Amino acid sequence: MSGETRTVAVQDAAAAGAPFVIHGYEETVAHDTRWNAHAHPWDELLWNGRGASVAVVGARAWTITPTLGLWMPADTVHSGSAVAGTWFRATFFGRATTPSLSDVPVAVEITPLLRLLLERLGDTSLAPGSRAATEALVLDVLTPSPRELLVHVPTSPLLRPIADAVRRNPGDGRTLSRWAAELGVSSRTLTRAFNAETGTSFARWVAGVRAQHAVELLSRGWAVEIVAEEVGYRSASAFGAAFRRTTGLTPGAFRHR
């Protein structure tokens, strides 16, 4: 992805003791944008008002959307990217004043209620009592989601050629047996390797890669039929069914608005 690259300054861990409870930041990026690997001394909830972004921790890549956010614990080194036009939101939680939702990154469903509460905290005219009540409600409704758009990218010499090819072209239709023949190993060997390294099957891993790529294209305004073809499905209906199995939502929910 070409565009703008930003460097985030290393922040002093002593700032974690700052007295704020919840503090929000938002921006609409004009260009495809990347952020270098960095960490914050506060817990962070990443979510979008519009568009799609990606957060990467090690070999794991999460796609963030208007309905699916990501909890990033303090001091977790992560990098990120967002497509042009994305209205990204970052909500910081003071470690000294709030309990941590999780010590590892976890998906968070951005429900209409949570969105309203977070947006209310952006009102600078809120009275102290109203702000405290709203912050308490945010902490009460903030829960991990069983759904996540996560792809664990394999890095072993055996699986790396497959990972690179599929991520470069999610429409790549080669089956596990075809890959096994090309790499000179058995299908059983590849199956075991995928389960051990990614925690899922080859088919589910490919579906995850395709869903992540589809979310980006849909956020750019691509038509569903074109996206379906681009990520390797023979019809929009087959794509829609696979997309719903992976994300829990229809492709239309991710169209740029």
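So, here is what we can say about the structure in this document. (Residues numbered from 1 in each chain as written. Predicted model: local features only at pLDDT ≥ 70, side-chain atom pairs only at ≥ 80, totals over all residues. Heavy atoms only, no water.)

### Observations concerning the overall build of the chain
This is how it is decided: Each helix is a run of H or I in the DSSP string that is no shorter than four residues. Each strand is a run of E no shorter than two, and both are numbered from the N terminus. The globule rule is 2.2 Å times the number of residues to the power 0.38, and the radius of gyration it is compared with is taken over C-alpha atoms. Between buried and exposed lies partly exposed: a residue is buried under 20% and exposed over 50% of the maximum accessible area for its type, with that area taken using a 1.4 Å probe on protein chains only. Whether two residues touch is decided by their heavy atoms; if any such pair falls within 4.5 Å, the residues are in contact.
For the chain, the count of helices and strands is eight helices and 11 strands. For 257 residues, the compact-globule estimate of 2.2 N^0.38 gives 18 Å, and the chain sits close to it at 20 Å. Across the 257 residues in the chain, those meeting the buried criterion constitute 44%. The contacts of the chain with a sequence gap of at least 6 include a subset with a gap of at least 24, amounting to 75%.

### As for the packing of helix H1 (residues 112-120) against helix H2 (residues 128-141)
Threshold: Every axis in this analysis is a line fitted to C-alpha atoms, fitted for helices over the stretch in contact. Angles between the N-to-C directions lie between 0 and 180 degrees. For classification purposes, angles smaller than 35 degrees are called roughly parallel, those larger than 145 roughly antiparallel, those between 65 and 115 roughly perpendicular, and all remaining angles oblique. Less than a right angle of anticlockwise turn of the near helix away from the far helix marks a crossing as left-handed, whereas a clockwise turn marks it as right-handed. Residue polarity follows a fixed list, in which Ala, Val, Leu, Ile, Met, Phe, Trp, Tyr, Cys and Pro are nonpolar, Asp, Glu, Lys and Arg are charged, and the others, Gly among them, are polar.
The interhelical angle for the contact between H1 and H2, taken along N-to-C directions, is 150 degrees, at an axis separation of 9 Å. Put simply, H1 runs roughly antiparallel to H2. For H1 against H2, the interelement crossing comes out left-handed. Residues Leu113, Leu114, Leu117, Leu118 and Arg120 of H1 form the contact with H2, whose participating residues are Ser130, Thr134, Leu137, Val138 and Val141. Tallied by class, the residues present in the contact of H1 with H2 amount to seven nonpolar, two polar and one charged.

### Details of helix H4 (residues 176-183)
The condition is simple: This arc corresponds to the set of directions leading from the helix axis out to the C-beta atoms.
Those residues of H4 lying buried are Leu176, Trp179 and Ala180. Viewed end-on, H4 has its buried residues packed into an arc of 105 degrees, placing them on one side of the element. Looking at the buried positions of H4, the neighbouring elements they touch are helix H3 (160-168), helix H5 (187-198) and helix H6 (202-219). Looking one or two residues past H4, Gly184 carries a phi angle of roughly 70 degrees, positive in sign.

### Topic: the sheet that holds strand E6 (residues 60-64)
Spelled out, the test is: Two strands pair under a simple rule: DSSP has to find at least two bridges between them.
Taken together, six strands build an open sheet; the order of strands is E1-E3-E8-E5-E6-E11 and the sheet is mixed. In the strand order of this sheet, the two ends are held by strand E1 (4-6) and strand E11 (150-152), each with one partner. For this sheet, the mean angle separating the axes of adjacent strands, direction not counted, is 15 degrees. Across the sheet, H6 touches E6 and E11, and the angle it forms with E11 is around 130 degrees.

### Structural notes on the side chain of Glu135
Within the fold, Glu135 resides in helix H2. Those residues in contact with Glu135 that sit more than four places away from it in its chain are Val21, Ile22 and Leu121.

### Quick word on the pattern of salt bridges
Stated precisely, the cut-off is as follows: Put simply, a salt bridge is a Lys or Arg side-chain nitrogen that is within 4 Å of an Asp or Glu carboxyl oxygen.
Taken as a whole, this structure holds 12 salt bridges when the rule is applied. Of the charged contacts in the structure, one is a salt bridge between Arg89 and Glu26, with a shortest N-O distance of 3.5 Å. Taken together, the positions of Arg89 in strand E9 (residues 87-93) and Glu26 in strand E2 (residues 22-28) put the pair 63 residues apart, joining distant regions of the chain. For Glu26, a relative accessible area of 44% puts it in the partly exposed group. We note a salt bridge from Arg220 to Glu216, for which the minimum N-O separation is 3.1 Å. Among the residues examined, Arg220 registers a relative accessible area of 33% and is labelled partly exposed. Under the relative-accessibility criterion, Glu216 is labelled partly exposed at 26%. Salt bridges sharing partners connect three or more residues here, namely Asp172, Arg174, Arg178 and Glu182.

### Topic: unusual backbone geometry
Positive phi, close to 70 degrees, is recorded for Asp75, a residue that is not glycine. Looking at where Asp75 falls in the secondary structure, it is placed in the loop between strand E7 (68-72) and strand E8 (78-82). Taking the relative accessible area as the measure of exposure, Asp75 reaches 53% and is therefore exposed.

### Focus: the environment of Asn169
Secondary-structure assignment places Asn169 in the loop between H3 and H4. Classification of Asn169 as partly exposed rests on a relative accessible area of 37%. Along the backbone, Asn169 and Gly232 are 63 residues apart, and their C-alpha atoms lie at a distance of 8.9 Å.

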